[in-house]
Amino acid sequence: MRLLIVEDEKRLAASLAAGLRAEGYAVDVVHDGLEGLHRASEEAYDLMILDIMLPGLNGYRVCAALRAAGNDVPLLMLTAKDGEYDEAEGLDTGADDYLTKPFSYVVLVARVKALLRRRGRGAAPPVLSVGDLRVDTAARRVFRGDDEVALTAKEFAVLEQLAVRPGEVVGKPEIMAHVWDFAYEGDPNIVEVYVSALRRKLGAHRIQTARGAGYRLVAAP
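Residues numbered from 1 in each chain as written. Predicted model: local features only at pLDDT ≥ 70, side-chain atom pairs only at ≥ 80, totals over all residues. Heavy atoms only, no water.

A word on the side chain of E7
Link 1 in the chain: Here E7 is to be found in the loop between strand 1 (2-6) and helix 1 (10-22).
Link 2 in the chain: Among the residues examined, E7 registers a relative accessible area of 0% and is labelled buried.
Link 3 in the chain: Side chain to side chain, E7 and K101 meet in a polar contact 3.0 Å long.
Link 4 in the chain: The contacts of E7, once residues within four sequence positions are left out, are L12, A13, V30, H31, D51, L54, L78 and K101. (Helix = DSSP H or I, 4+ residues; strand = E, 2+ residues; numbered from the N terminus. Buried < 20%, exposed > 50% of the residue type's maximum accessible area, 1.4 Å probe, protein only. Polar contact = N/O pair within 3.5 Å; in protein donor to acceptor, adjacent residues only side chain to side chain. Contact = heavy atoms within 4.5 Å.)

Dropping the structure here:
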């Protein structure tokens with residue numbers, strides 16, 4: 001899952017991004033409303049966390065512009081203001097949820113997960129099965145038969161991208177876009193590193209390489 005945080009309080013934005021990355025999400029951060037609107041319009045995000053009081057363009061206007069353009073990305077609005085009028089205005093412009101500062105990080109993560117589950121209803125079951133491999137996307141746990149396999153957050157995120165399309169080739173650029181941040185400038189072969197780790201933990205034949213195209217997850221022979 002790829003998230004966008006639009007928040008001008010840089011320390012808060014960095015803290016939220018670090019926490020959400022530890023949860024296994026790819027997170028991009030911008031600090032300006034105009035940049036947030038541009039990024040959300042150009043890139044495919046699974047969820048957007050949007051502050052209301054922003055330089056350039058406030059959160060209400062960013063939200064309204066996205067909805068007017070037909071962009072239905074789940075949107076969680078943040079604000080330091082408190083009052084029914086602010087909440088009503090945020091929801092009226094098309095926000096999906098609303099959180100008033102200061103807030104508990106645990107509550108924010110719960111809201112994020114709830115919005116992502118809501119968006120995913122009808123698209124994919126919470127438990128994905130490929131042969132005897134079960135990927136529980138809600139609990140973020142993986143089982144091979146009756147045995148649980150311990151994966152890191154990034155390993156799980158890569159596996160999830162393959163498990164939602166079993167038997168199909170998923171390209172490395174697509175995996176990169178959903179698992180790593182927009183600004184990632186590390187080794188472009190990082191996907192291969194995580195695929196190798198998954199093969200060691202799950203079995204070498206479960207993830208096949210389609211040369212020049214990507215990877216496919218298959219049931220073990």
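What about helix 8 (residues 190-202)?
Link 1 in the chain: Counted at 1.5 Å a residue, the expected span for helix 8 with its 13 residues is 18 Å, and the 18 Å between its end C-alpha atoms agrees.
Link 2 in the chain: Looking at helix 8, one finds that the buried residues are I190, V191, V195, A197, L198 and L202. Seen from one end, helix 8 has its buried residues packed into an arc of 160 degrees, which puts them on one side.
Link 3 in the chain: Directly after helix 8, the chain includes G203, whose backbone phi takes a positive value near 120 degrees. (Expected span 1.5 Å × (residues − 1). Arc of directions from axis to C-beta.)

Structural notes on the pattern of salt bridges
Link 1 in the chain: In total, this model carries 14 salt bridges according to the counting rule given.
Link 2 in the chain: For R111, the salt bridge is made with D97, and the minimal N-O distance between the two is 3.2 Å. Placement of R111 in helix 5 (residues 105-120) and of D97 in strand 5 (residues 97-100) is noted, with a sequence separation of 14 residues between them.
Link 3 in the chain: Taking relative accessible area as the criterion, D97 reaches 17% and is therefore assigned buried.
Link 4 in the chain: A salt bridge links E192 to K172; its shortest N-O distance comes to 2.8 Å. With E192 in helix 8 and K172 in helix 7 (residues 172-179), this residue pair connects regions lying 20 residues apart in the sequence.
Link 5 in the chain: On the basis of relative accessibility, which here comes to 25%, the residue K172 falls in the partly exposed class. (Salt bridge = Lys/Arg side-chain N within 4 Å of Asp/Glu carboxyl O.)

Don't take any of this as a statement about function, it's just geometry.
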